[in-house]
Amino acid sequence: MKLFPTGREARYSALKIAAVPIAGALLLGACSSDDSGDGSGSDNGSESGSGSVVISGSSTVEPISIDVSEKFAGSNPDVNVTVDGPGTGDGFELFCNGETDINDASSKIKDEQIEACESNGVEFIELRIGNDGIAVMTNDANEAISCIHGGDIYALVGPESQGFETWAAANELATEVGGEGDLPDAPLDITGPGEESGTYSSFVELAIEDYAEERGQEAQTRPDYQASADDNIIIQGIQGSDTSFGWVGFAFARNADGVKVLEVDEGEGCVLPTDETIADNSYPLSRPLFIYVNKDKAAENQALTDFVDLYLGDAISSVSDVGYVDLSEETLAETRSRWEARTTGAA
Amino acid sequence: MSVMSNPATVGSTAATERVRRSITGGKADVKGTIFMLLMLMALLMSVVILAVLVIDMVTQGRTVLTERLGDFVTGSMSSQPEASGILQGLRGTFWIGVFTVVIAFPLGIASAIYLEEYAHHKSRVARFIDVNIRNLAGVPSVVYGILGLTLFVKAMGGIVGPNSNGRSVIAAGLTLAILVLPIVIITSAEALRAVPRGIREAGFGVGATRWEVTRHHVLPYAAPGILTGTVLALARSLGEAAPLILVGATTGYLSGGTEFLDLGALTDRFTALPIIITTWAGRPGEGWVSVTAAAIIVLLVVVLVANAAAILLRNRFDKKRG
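Residues numbered from 1 in each chain as written. Chains lettered and ligands numbered in written order. Predicted model: local features only at pLDDT ≥ 70, side-chain atom pairs only at ≥ 80, totals over all residues. Heavy atoms only, no water.

Caption draft 1: Broad picture of the overall build of chain B. Within chain B, the secondary structure is distributed over 14 helices and one strand. The principal-axis extent of the C-alpha atoms belonging to chain B is close to 70 × 50 × 35 Å. In chain B, which comprises 322 residues, the share counted as buried stands at 44%. A separation of at least 24 residues holds for 76% of the contacts in chain B among residues at least 6 apart in sequence. (Helix = DSSP H or I, 4+ residues; strand = E, 2+ residues; numbered from the N terminus. Buried < 20%, exposed > 50% of the residue type's maximum accessible area, 1.4 Å probe, protein only. Contact = heavy atoms within 4.5 Å.)

Set out below in structure tokens:
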């Protein structure tokens, strides 16, 4: 309806078209979403600047790195430190793209990640900083069991175990997945960390994931167990019933009274979790924790060098402070010499 | 004063009721009463939901807010809930608000004025644009996050964040400004559309140009409505978390980022209140529950303050309009 025609209409209709790029840009953004991962090569050239340390990677290692960062920030107020925990794999994508200085990792770098780093010219120094170990436990008074097979653990608390009210109920499933299937006929009272806990995800990754994948199940535990975020309450739950079952981080189980830490057999005999068996990863429910440092950035960024020095120096106590298992003296010495020599590549 | 001039409220309710009865045949208005009660229940429902949220958050976050409010508001992110603070989040959220106000508001209002006052309503292009903008307002916020990642973080990273791989508060502010742009355009256009045709015609009738009519008659009349829309848009941009995750807000730990007005730090890594809330909510333990609740209360207060400011502004315009 042209109520008030003026001579300007023509000029304005050109303006109308200016609104189109906004919609167009949005469409473009939606279509090119796949670019987000590999990014553009130009990112490699950008420096993190002398005053910043950018850390990403595993959410398991994240609390250690945050703890170290807080210690670092106290004496280096001018350095910007950022820590994120999107996961080891996502972290490596950023790291091999040159976007981060350090990648936290709860598993060793994979071949395709090494290739990605190489193709972008990113050289890395692999530094082992600690161990993650999960202890499975029952009550001290439970004589029926002292060693448990990995398949039995899956059968007791894996995604398919919902509704099992006795240990024996899991036997059939245990045999099916390759476990021993000789669990006692006794009530099963499970206490463990809640889903939001780091120990929960560690447990799922170490004890459940492989079995679940093989059987086409989701990598998660059964939902019907007593969950708590407080390690003390989990220990109380284990103490509260003679035939209880549960798990906590090894560092915590070591000091707990009234519980019996079980040996775990993953086909290579029963192994009791100890500092030694966790350090050499012969205990099945354990894994090494790493940080990967970008070598070139460490060479040109004094703040990054200082940060790693602190990480492997005084601040290495953060590993046990946040609940993980310290490295043995020798392994720590090895890590330190790798760093001193700036040894690149995976060990 | 506007109350006095409103004829509907003149006289007591008793008198109104007497008049109503005399013209509706003296019957009690049952349907009307039922309808009124239904509406009241609907209102109560929303109020109760809001009240439950606020009470729940206040009970959980009370200890943090009463025992260490100062430290909490001026502290930094930490691995320990007892030492955690939200200053860095407040700073990020503050700048996101600034970008929304400075970029989305003028652009959005200008677009709305053009669409309503200048474009031919029936032209295909205008209708096409109108439909598109309405669709954009309904696009999920993560999609805008992907846009921000592609456009600001990756393509313009060298400008918006040379020392943070583009993951700066500038990129975040621009992304959220674009996210709320359609909302600003739509609500402003609605407000302009509500201006009676006669006002414009009267203006043109005395020889005013289109610019003069828009500036002196249409805009003042539509200002309260436009402001309401912008308030909703601002609140939305302050509360969004999903796009910020994609743009690269820091979730774990951030040192620095506490200087509110340090313009040089705008290109550094950042975090924002909604991000802090999402991160903390996922951490185990009682301590994190209470600091999360406390952070939610602070975010509510921030949004409330922004809204209050806009309502005050609107009341001023309302008075002017008389």
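Caption draft 2: Representation of the state of the cysteines. All names here are of chain A. Per the counting criterion, the structure on display carries two disulfides over all chains. The disulfide partner of Cys96 is Cys117, and the S-S distance across this bridge is 2.0 Å. Taking the sign of the S-S torsion, -70° for the link of Cys96 and Cys117, the bridge is left-handed. Separated by 21 residues along the polypeptide, Cys96 in helix 5 (residues 88-96) and Cys117 in helix 6 (residues 111-119) bring together distant segments of the chain. Exposure remark for Cys117: the relative accessible area of 0% places this residue in the buried category. At a sulfur-sulfur separation of 1.9 Å, the disulfide partner of Cys147 is Cys270. When the S-S torsion is -95°, as for the bridge of Cys147 with Cys270, the disulfide is left-handed. Of this pair, Cys147 sits in strand 5 (residues 147-149) while Cys270 sits in strand 11 (residues 270-271); the two residues are 123 residues apart in sequence, bridging distant segments of the chain. On the basis of relative accessible area, Cys147 is assigned to the partly exposed category, the value being 23%. (Disulfide = S-S within 2.5 Å.)

Caption draft 3: Spatial organisation of the pairing of strand 2 (residues 80-83) of chain A. The sheet contact formed by strand 1 (residues 52-57) of chain A and strand 2 of chain A spans four bridges and is parallel. When the sheet's bridge partners are listed, Val53 of chain A is paired in strand 2 of chain A with Val81 of chain A. Once the chain exits strand 1 of chain A it traverses helix 4 (residues 62-75) of chain A before rejoining the sheet at strand 2 of chain A, and the crossover so formed is right-handed. Bridge analysis of strand 2 of chain A against strand 1 (residues 253-254) of chain B gives two bridges, and the strand direction is antiparallel. For Val83 of chain A, the partnering residue across the bridge sits in strand 1 of chain B and is Tyr253 of chain B. (Pairing = 2+ DSSP bridges. Right-handed = clockwise from strand over helix to strand, strands pointing away.)

Caption draft 4: Highlighting the confidence of the model for chain B. Residue and element names in this part refer to chain B. Looking at chain B as a whole, the pLDDT averages 88, with 96% of positions reaching at least 70. Here helix 1 (residues 2-5) stands out as the element of chain B with the lowest mean pLDDT, 45, in contrast to helix 9 (residues 169-193), whose mean of 95 is the highest. Confidence drops under a pLDDT of 50 for residues 1-5, and excluding neighbours within four residues, the segment shows three contacts in the predicted structure. For this predicted complex, the interface score ipTM comes out at 0.76, while the overall pTM is 0.77. (pLDDT = per-residue confidence, 0-100.)

Caption draft 5: Structural view of the nonpolar core. If you look at the biggest cluster of nonpolar residues, it comprises 73 residues, and the most contacted ones within it are Phe72, Ile86, Leu192, Leu244 and Trp280 of chain B. Going through the elements one at a time, helix 5 (87-118), helix 6 (124-137), helix 7 (141-155), helix 9, helix 11 (210-239), helix 12 (242-247), helix 13 (273-281) and helix 14 (286-321) of chain B are the ones with two or more residues in this core. Beyond its immediate sequence surroundings of up to four residues, Leu244 of chain B is in contact with Ile96, Ala172, Leu176, Ala249, Phe270, Ala272 and Ile275 of chain B. The next biggest cluster of nonpolar side chains, apart from the first, holds 47 residues, and it includes Val157, Ala170, Val248 and Val259 of chain A. (Core = buried A, V, L, I, M, F, W, Y, C linked by side-chain atoms within 4.5 Å.)

Caption draft 6: Just the environment of Ser282 of chain A, in detail. All names here are of chain A. By the element assignment, Ser282 lies in the loop between helix 12 (275-279) and strand 12 (286-294). In this structure Ser282 comes out as partly exposed when scored by relative accessible area, which is 35%. For the pair Ser282 and Glu268, spaced 14 residues apart in sequence, the C-alpha separation works out to 8.9 Å. If we skip the residues at most four places from it in the chain, Ser282 touches Val271 and Thr277. Engagement of the side chain of Ser282 in a polar contact is seen with the side chain of Asp280, the distance being 2.7 Å. (Polar contact = N/O pair within 3.5 Å; in protein donor to acceptor, adjacent residues only side chain to side chain.)

Caption draft 7: Inspection of the domain arrangement of chain A at higher detail. All names here are of chain A. One can read the domain layout of chain A as domain 1 (48-132 + 287-340) and domain 2 (133-286). Across the boundary between the two partners, domain 1 contributes 10 residues, which contact 13 residues of domain 2. Summed over both sides, the interface between domain 1 and domain 2 buries roughly 880 Å², with carbon and sulfur atoms accounting for 45% of that surface. One salt bridge in this structure joins Glu205 and Arg287, with 2.6 Å as the shortest N-O distance. (Domains from an automatic or database assignment. Buried area = accessible area lost by both parts, 1.4 Å probe. Salt bridge = Lys/Arg side-chain N within 4 Å of Asp/Glu carboxyl O.)

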